[in-house]
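Listed below are the residues making up each chain.
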Amino acid sequence: MAKISFQDFSAYYKLKKKKYVLSLNKITLEIPSESFFVVVGPSGSGKTTLLKAILGGVELTDGLLIINGTSVENIKKKEANISYLSQEYSLYPHMTVYENVAFPLRRMRTDFQEIDLRVKTVLDYLKIDFLASRKPRQLSYGQMQRVAIARALVKNPRIMLFDEPFSNLEPTLKNELRLTLKNIHQEFKPTIIYATHDLTDAFILGEKIAVLNGGELEAIGTKEEIENSDKAFVRSFLSR
Amino acid sequence: MNKFSTSLIILLFSLSLFVLTSCMDEEILADAAHTYKIWLANSEDSSYYSDYNENVALKYLNTLKFKGRDGKLHHVHIEVETGITGEQEKFFNTMIATGGWKEYDYIDYSFSSYSVTELYEAGIALDLTDYMEEWLPNYMNWLQANPDYARTAANIVNGERRYLTLYSYHDDVENWGGFVYRRDWVLKYGKHPEGSPKAGQPFTGGFDENGTWNDDITFPSYYTELGQIYKENIDPEWDGTCPVFISDWEWMLDIFSTALKEEGITDGYCTTIYYPGYIGTGDLISSFGGGGVMFYLDEEANEIKFGGTSEAFNTYIKMMQIWYKKGWLDKKFAEHTSDIFYQVDMKTTHSGKAGMWYSNISSLFNRLEKEIAPATKGIYVVAARQPINDVYGEGKVKFSKDNIFTPKVFYNTSKEFSGGIFTTAFKETGKDIECLMSVLNFLNEWETEDGSLPGYLLNFAGLTKEQYETVAKPGDMYDRFGLTEGSYFVKEDYSDNGIKYKTNPIIGSNDALRNPSTLNRIVGGLQGPLDKWKGEEDHQVQHEWGFYINSGYLLRSFEGQLGSNISKKRNSTFNDIEEYLEQHVPMMIKGDDATFDREWANIKKYINRLEYLEEVLEVYNQLLNDLS
Amino acid sequence: MHEILVKAREEHYIPPEKRSNKYHGGMVEHKSWLGVLYTVILYAFMAIIILICIVPMWHVLTSSLSDGSILLFKKGIVWWPIQDSGAESMFNWGGYKLLFRNRGIWSGFLNTFIYVAGSTTLGFVLNVIGGYTISRKSMLSRPLALMLVLTLMFHGGLIPTYMVIKALGMVGTRWALIIPGCTSGIFMVIMANAFRNVPESTIEAAEIDGAGHFTIMFQVVLPQSLSIATVIILNTVILHWNSWYPASIYVPTKRNLWPIQLWIKEILAQNQPSSFLQAANPDYNKYLLQYCVILIASLPVLLLFPLFLKYIEKGVIIGGVKE
Amino acid sequence: MVQKPNTEFQAKQARLIHSIPKLSFGKRLKKDLKKNWVVYVIFLPVLLYVLLFNYAPLFGLVMAFQDFNVLKGVFGSSFNNFANFKTLFFRDNFGIVLRNTAGMALLNLTVGFIVPVIFALLLSTIRHKRYKRVIQISSYIPYFISTVVVVALWKEFLDEGGVIANFLSWFGFRNQNWLANNKVPVFWLINTAIDIWVGFGYGAIIYCAAIANVNPNLHEAAAIDGAGEWKRMWHVSIPSIIPLVVTMLTLRIGTVFLQGFDKVLLLYSPSIYSTADCLTTYIYRIAFAGSADYGVSTAAGLFQSAIATTLLIISNYLNRKITKSSLF
């Protein structure tokens, strides 16, 4: 559905009044549409900036970032239809689960019955329909994450961005949610870009994996290519 | 957000409801040229009516016809707007500054901080001199009959005497405040003074069976040589039964201190005084040579003087210091800062624990007696005239055979009631201003040839039964307060000494009803031949408090003629002196003789250093010469 | 660390219906003797505070029912309405009768209600908009905040303000009492402060979901700072409930537009002891008016207050308790 | 799961830090407008409201330099440059007036400001909902009693033999009328005490709301760690209301010279002018006793506004340095 390509793309984010940090340095990268692409690397290696760049949230950039043929600057936020999920869940605390999931659809002026139908199907799909009338504060972490996924999914986005969404969940719940992501990818075929510093995540999920370090692209390829790549950093990163 | 929508709906609903109910109800007879708008500073207590236009006497006035500019009789419709108590000066200034005065044809001028001359020069006030002859004859006749008020009724406009203000006057002065003392204590604890036939004997008398009071108290000054001089020159009818001199007062204060001891009152005192240590309008200071403490008129010298550094003021403070030392004066007199000078420390005076104080008529006779306040048992409070100093100081400040004087400067109402100006708005609106003048002239009308009821009765006595019936409406003020028989009656027989009209007893018993049932806010409350249901006791009060005339007191109509920048200087000088005296006079009263002299020197030094004092005195005297 | 968290949650978990609204989610507090001592002292201290605050209003209530002539010279706190010995009933309702005989009181209450409702609504909308703008991290948010705060410092003065309102044609109408004073810079700044406490992630999420500024303002940011917003509404209500000064300037001669506070000021000014004691037999009930007006002026707001309190407390638990 | 500090990474990162020359103001403004133009459009009604009703009347400030005459109006009156300021300030007791005002302002700022905050914090540790509500409502009541009655009551309490005078006499103070005592701190303390008594309930409400607005998860987490009421208040409630306290303090510093003196006019008496006379009463006596002098009163207003603005800007600057959160 959506092809994303970085051409010599570098991004800066503001450290202090005049000081800027180069967080991405001349990245050229092709993310095929409908692929499950994983970006891996130590924290602060520019993973989050990469995702933010796709959302158009980075102030200062040069080089090109094309999504489906149009450069990221002139994509209007409303039609972008990209979802973003981070560690913080960012659910609306004052709305019930149902309202949280329905919120994006209301903005798209879709009529009431359709909203109700789509929200119900998504909640069933993620097996959290019994939580519909609860408030975020009454949910467990796992349940919150599922609601966040539901909210992202309900507007069936072309691109779904995940920024270490499961890092503070216990292993059993992590596996479960990874499985759900996989099913979502099979069933709805969005382009998924999943940033993480956890290798097991990368190897389980990613069809293609990119290794980032200090804002530069160290390696890119399938699980096997990465495992026996000859790059020094990749090898030391794998052994950690 | 449903909260918003609910409050918006309520807002719209109540708005529409209110617009419906507030439309005017009675129809208007007069045409546009004869509808006038008047602004008055004071309004009536809103328990009578919430809008002055509901005043029944005004409704009656609006049914009459008056001569207009074209000589014909026209119906008029006068709409009256009133000021908010305490906010009038602010309203007046805003109205003048923003041209709001153009809406009004006649404006009450008593709250203006600018002289009428300035209002005239600014093109706001209308010059009435040319209109007086033809349209305001009654007002002119009254001025000719009262020259001392006429003098200040005109304004000096580049050298000439022009009439710019329509003043209104009381026929006689009604005193509502003065010095009072507990005569029952004098009777109980006092002894006949030496020189009297029963010297040393206790007084006799008190309340008789039907509650009237009589006693055989005579004051010591009656048996002195000065007393006889006072009797010959000032008050032949004086029989020594009421205090006249400071010596009488001190004799009483001594009695009061014994009374307090006998009655076991610990939190009372013989007398108290306003917190600055003196009363700014000159009371008690004019007992020392007739002058005042601030600006006052010295009649003999026909000059305006300043009393703040005078010997009279010094001697007065000396007296107070001695009263303080003797324990007669309230130790905490300087702390009652939120009380007004005629209601100082009511907590003590109204519980009967004070011997003598400056009060108003509500605490007279036995009105303070209450079960719950033991010290008020058998209380009988009597009014006393301003005393004359025969004890302290030398020469001019002390009454003697060749220095006979009476107090001339003290706080009292004068005949002058209020003043109004006609605005020049009619030149643009084309209104028939002469017709409005004939209305006000009608309200100044004392007697009529054809025997009909003169106009002043409308503004003083109100409406007769017939007059009321022409405008009666159920639920109006007369109806609610039982005045349907009219607020006064016309008596057929004129037997008792010229009294032609008799007030309705309902108003007699509750004189707060007098103003709302009449029109006397527009033109003064002239009394005229009307009995006022006053009893014998009230006669004694008015006689004592009104015995001396405060001829030295500067009239409002005189002070109002100062230009705005000079009156600003006068006000700032007045405030600076008052602020300084307020702090230093109490020190002199409470301090020893060394402090007394040191502080008096400070006061003199401070006042002489004041910038504008000389200039203000000069302008005052300049104005005095122009006017006389 | 997670294991403890999950176990603690499962063990003490109470479904929301059974949960009492103590927002600690039913956590059991183990009582150390220091904690008990602290609580005892605190409760006693608070009891004193209640006493100190309630007694003066009780004094006002009892004074308003006493006999005016005796109250005039009574010293100290009036614990029970004082009557002269001969009085028939324990309470003297003369003061209230005198007050409500004034026909202006009723139109005053209605007008005040209109003004309070109007200006609070208008003020609240302006507060939210103003607060939202200066709470965003945009270039102009700081200068605009400075502009709003300076409105507190500088005041044009009576005559200039009157001239501006007159130029707008509002003098003499209700609008002069609703629009000009409906809010002040201080409320917008406090609102901005509350908006800054809203977690940034929820706003970003809303932006990603395609929400425009208006939706974010009223549907995402405001509901999360409802407690402070309610306090601002409460302050605005009280500000306008007690205000009489604008009315005394803009509608001085139109008594049918007067709010209750201006009527009260007028009634009190006409019945000062300095005036009513000039009559031979004064009506002492007039001395009670100053106490009666406090009650009728403060009662409506005091009754309204618990509602606001509930709403302020509830402001946060929207997230917790199922409605 | 803690990562090993990657020194090599930090070195790499240091190389990457560039100092890009700041965009010119115009460019940055254009960029900002592009992003936030909607926010500014929404702000227009507020801007219109503020310009019309707060800034338009400021043309009246010119009266401070005029011998203002109501008849001539703002545009007709003649200029007298600084004469109004001269009548205000070149008087001998102005120094004392400033000292008193500063003293009362300082007390008002420190004690007067802290008490409502502490009261709100204490209130938050009270568990019984009904008792907490009773306290809150009763603490609110003094705000509604009219100033005249409040002053009358306190005058009687402070008088010899009054409730407070007796209470203080237990601590060795002579039983006297404290309002007649002109030693320096006495009147200041009285004025602040009355202000606190009237306003602490009203003032605490906003802090109660801020405390209630705290994310309950934090409280829950602290409770799990075994923190008692006191600790939780210290570690959770206080940090969460710091930004609001800072905002309110900055505003209070700015307006401390303008408000809080209305009761002095009713409390003070000539014998204690030396400690009680403050800016408001001083200006009232000069500008309003007798007839209202708009020139002088506007000059006085301008003087107070100038002080208030400088204080505000200083306190805001300090806040930005110390606690990073500031008004503007």
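> In this structure, what is going on with the pairing of strand S9 (residues 208-213) of chain A? I would like to understand it.
Working note: regular strand, side chains alternate between the two faces of the sheet. All names here are of chain A. Taken across its six residues, S9 has five buried, putting it largely inside the fold. As judged from the four bridges shared by strand S3 (residues 36-40) and S9, these two strands associate in the parallel manner. Each residue of the ladder has a partner; that of Val38, found in S9, is Ile209. As paired elements, S9 and strand S10 (residues 216-221) share five bridges and run antiparallel to each other. Note on S10: the bridge partner recorded for Leu212 is Leu217.

> For this particular structure, what's the right way to read the interface of chain B and chain D?
Often the size quoted for an interface is simply the accessible area lost on bringing the parts together. Listed per partner, the contact involves 28 residues of chain B and 26 residues of chain D. Counting each side, the surface lost to burial between chain B and chain D is near 2,200 Å², with a carbon and sulfur contribution of 47%. The three residues of chain B that bury the most area against chain D are Tyr114, Lys568 and Glu579 of chain B, which together make up 23% of that side's buried surface. On the surface where chain B and chain D come into contact, there are three salt bridges.

> Sorry, what's going on with the arrangement of the chains here?
Contacts are most numerous between chains C and D, taken over all five pairs of chains that touch. In this structure chain A stays clear of chain B, and the shortest span between their C-alpha atoms is 14 Å.

> Quick question: what am I supposed to make of the domain arrangement of chain C here?
Residues and elements named next belong to chain C. Domain annotation of chain C identifies domain 1 (1-92) and domain 2 (98-317). With 14 residues of domain 1 at the interface, the matching set in domain 2 holds twelve residues. A combined buried area of about 1,100 Å² lies between domain 1 and domain 2, and 83% of that area is made up of carbon and sulfur atoms. Applying the counting criterion to the domain 1 and domain 2 interface returns one residue pair in polar contact (both at pLDDT 80 or more). Taken together, the elements giving at least two residues each to the side of domain 1 that touches domain 2 come down to helix H2 (33-64) and helix H3 (68-71). A total of six residues in the side of domain 1 that touches domain 2 trace back to one element, the largest contributor, which is H2. Class assignment of the residues belonging to the side of domain 1 that touches domain 2 gives a composition of five nonpolar, eight polar and one charged.

> What's the story with the pairing of strand S14 (residues 303-306) of chain B in this structure? I'm lost.
Along S14 of chain B, the buried face is formed by Ile304 and Phe306 of chain B; none of Glu303 and Lys305 of chain B, which line the opposite face, is buried. What sits between strand S13 (residues 295-298) of chain B and S14 of chain B in their antiparallel hairpin is a turn of four residues, with Asn302 of chain B showing a positive phi close to 45 degrees.

> Would you mind going over the interface of chain D and chain C with me for this structure?
The partner chain C presents 96 residues to the 97 residues of chain D that form the contact. Between chain D and chain C the total buried area reaches about 8,700 Å² when both faces are included, carbon and sulfur atoms providing 75% of it. Considering only the surface of chain D that becomes buried against chain C, Tyr49, Arg127 and Phe144 of chain D emerge as the three largest contributors, covering 8% of it. In this structure, the connection of chain D to chain C is made through zero salt bridges. Summed over the shared surface of chain D and chain C, the result is 15 residue pairs in polar contact (both at pLDDT 80 or more). Ranked by residue count, the leading element in the side of chain D that touches chain C is helix H2 (residues 25-55) of chain D, at 19 residues. Partitioning the side of chain D that touches chain C into residue classes produces 66 nonpolar, 20 polar and eleven charged.

> Help me understand the packing of helix H5 (residues 104-135) of chain C against H2 of chain D, please; the structure alone is not making it clear to me.
When two helices pack together, you describe them by how their axes are tilted relative to each other and by the distance separating the axes. As a packed pair, H5 of chain C and H2 of chain D sit with axes 9 Å apart at the nearest point and diverge in direction by 125 degrees. Relative to H2 of chain D, H5 of chain C is oriented oblique. Read as a crossing pair, H5 of chain C and H2 of chain D show a hand that is left-handed. Residues Leu126, Ile129, Gly130 and Thr133 of chain C of H5 of chain C pack against Val39, Ile42, Phe43, Pro45, Val46 and Tyr49 of chain D of H2 of chain D. Broken down by class, the residue content of the contact of H5 of chain C with H2 of chain D amounts to eight nonpolar, two polar and no charged.

> Got a minute to help me understand helix H3 (residues 88-97) of chain B in this structure?
Side chains of residues three or four places apart in an α-helix project in the same direction, reflecting 3.6 residues per turn. Extensive coverage of H3 of chain B is indicated by the burial of nine of its ten residues. Listed as buried for H3 of chain B are Gln88, Lys90, Phe91, Phe92, Asn93, Thr94, Met95, Ile96 and Ala97 of chain B. Residues of H3 of chain B that are buried sit in contact with strand S1 (35-40), strand S5 (106-108) and helix H4 (116-121) of chain B, helix H7 (158-167) and helix H13 (245-250) of chain C together with helix H15 (294-322) of chain D. Downstream of H3 of chain B by one or two residues, Gly99 of chain B has phi in the positive range, about 70 degrees.

> Teacher, can you tell me more about the pattern of salt bridges here?
Where charged atoms of side chains with opposite charge meet at close range, the side chains can pair. The final tally for this structure, using the stated rule, is 35 salt bridges over all chains. Note that Lys155 of chain A is salt-bridged to Asp209 of chain C, the shortest N-O span being 3.4 Å. Of this pair, Lys155 of chain A sits in the loop between helix H5 (141-154) and strand S7 (159-163) while Asp209 of chain C sits in the loop between helix H10 (200-208) and helix H11 (213-224), each in a different chain. Using a relative accessible area of 3% as the deciding quantity, one classes Lys155 of chain A as buried. In this structure, Glu615 of chain B and Lys569 of chain B form a salt bridge, with 2.9 Å as the shortest nitrogen-oxygen distance. One end of the pair, Glu615 of chain B, is in helix H23 (residues 613-627); the other, Lys569 of chain B, is in helix H21 (residues 564-590), and 46 residues separate them in sequence. One continuous salt-bridge network, built from bridges that share partners, spans Asp127, Asp130, Glu160 and Arg162 of chain B.

> Where do I start with the domain arrangement of chain A in this structure?
All names here are of chain A. Assigned domains within chain A: domain 1 (1-81 + 159-240) and domain 2 (91-156). Computed from C-alpha atoms alone, the centre-to-centre distance between domain 1 and domain 2 is 26 Å. Listed as interface residues are 13 residues of domain 1 and, on the opposing side, eleven residues of domain 2. Roughly 1,100 Å² is buried in total at the junction of domain 1 and domain 2, and carbon and sulfur atoms are behind 70% of that figure. Applying the counting criterion to the domain 1 and domain 2 interface returns one salt bridge. Its salt-bridge partner being Glu176, residue Arg146 comes within 2.1 Å of it at the nearest N-O pair. Between the two partners, domain 1 and domain 2, sit three residue pairs in polar contact (both at pLDDT 80 or more). The greatest single-element share of the side of domain 1 that touches domain 2, amounting to eight residues, is contributed by helix H6 (residues 171-188). Split into classes, the residues belonging to the side of domain 1 that touches domain 2 amount to eight nonpolar, three polar and two charged.

> What is the right way to read the environment of Trp197 of chain D from this model?
Along the chain, Trp197 of chain D turns up in helix H9 (residues 184-212). Taking the C-alpha atoms as reference points, Trp197 of chain D and Pro142 of chain D, 55 residues apart in sequence, are found 7.1 Å from one another. Once residues within four sequence positions are removed from consideration, Trp197 of chain D is found in contact with Ile52, Cys53 and Pro56 of chain C together with Pro142, Ile145, Val150 and Trp154 of chain D.

> Could you clarify how one ought to interpret the packing of aromatic side chains in this entry?
The description of two aromatic rings rests on the distance between their centres and on the angle between their planes. Taken as a whole, this structure holds 80 aromatic pairs over all chains when the rule is applied. For the pair Phe89 of chain D and Phe94 of chain D, a centre-to-centre distance of 4.8 Å together with 50 degrees between the ring planes defines the contact as tilted. In this structure, Phe89 of chain D and Phe94 of chain D share a single accessibility class: buried. Here the aromatic rings of Tyr143 of chain D and Tyr202 of chain D are separated by 4.0 Å at their centres, their planes lie at 0 degrees, and the arrangement is stacked. Residue Tyr143 of chain D is located in the loop between helix H6 (129-140) and helix H7 (147-158), and its partner Tyr202 of chain D is located in helix H9; the two are separated by 59 residues in the primary sequence. Exposure remark for Tyr143 of chain D: the relative accessible area of 29% places this residue in the partly exposed category. Three or more aromatic residues joined by ring pairs make a cluster, and in this case those are Phe179, Trp249, Tyr274, Tyr275, Phe341, Tyr342, Tyr358, Tyr411 and Tyr553 of chain B.

The rules behind these values
- Numbers given to residues run from 1 along each chain, matching the order in which its sequence is written.
- The order in which chains are written sets their letters, starting at A; the order in which ligands are written sets their numbers, starting at 1.
- Selection of residues for local features in this predicted model requires a pLDDT of at least 70, selection of side-chain atom pairs for listing and counting requires 80 or more, and totals for whole chains, interfaces and linings are taken over all residues.
- Hydrogens and water molecules were not included; the side-chain quantities draw on all heavy atoms of the structure.
- Only protein chains enter the calculation, and the probe is 1.4 Å; a residue is then buried if its accessible area is under 20% of its type maximum, exposed if over 50%, and partly exposed in between.
- Runs of E in the DSSP output that reach at least two residues are strands. Runs of H or I that reach at least four are helices, and both are numbered from the N terminus.
- We call two strands paired when DSSP finds no fewer than two bridges between them.
- Residue contacts follow a heavy-atom distance rule, with two residues in contact if any of their heavy atoms lie within 4.5 Å.
- What counts as buried area is the accessible surface, traced by a 1.4 Å probe, that two parts surrender upon association, with contributions from both included.
- Every case where a carboxyl oxygen of Asp or Glu lies within 4 Å of a side-chain nitrogen of Lys or Arg is listed as a salt bridge.
- How far each domain reaches was decided by an automatic or database domain assignment.
- By the criterion applied in these results, polar contacts are pairs of N or O atoms within 3.5 Å in which, for protein atoms, one can donate a hydrogen and the other can accept it, and in which residues neighboring in sequence qualify only through two side-chain atoms.
- Gly is placed with the polar residues, together with every amino acid not listed as nonpolar (Ala, Val, Leu, Ile, Met, Phe, Trp, Tyr, Cys and Pro) or charged (Asp, Glu, Lys and Arg).
- Orientation is described by lines fitted to C-alpha atoms, with helices fitted over the stretch in contact, and by angles between N-to-C directions that extend from 0 to 180 degrees.
- Each angle gets one of four labels, with under 35 degrees taken as roughly parallel, over 145 as roughly antiparallel, 65 to 115 as roughly perpendicular, and the rest as oblique.
- Crossing chirality is assigned from the near helix's rotation relative to the far helix, an anticlockwise turn below a right angle marking it left-handed and a clockwise turn marking it right-handed.
- Pairing of aromatic rings covers Phe, Tyr and the six-membered ring of Trp, with a centre-to-centre limit of 6.5 Å; geometry is then stacked below 30 degrees between planes, edge-to-face above 60, and tilted otherwise.

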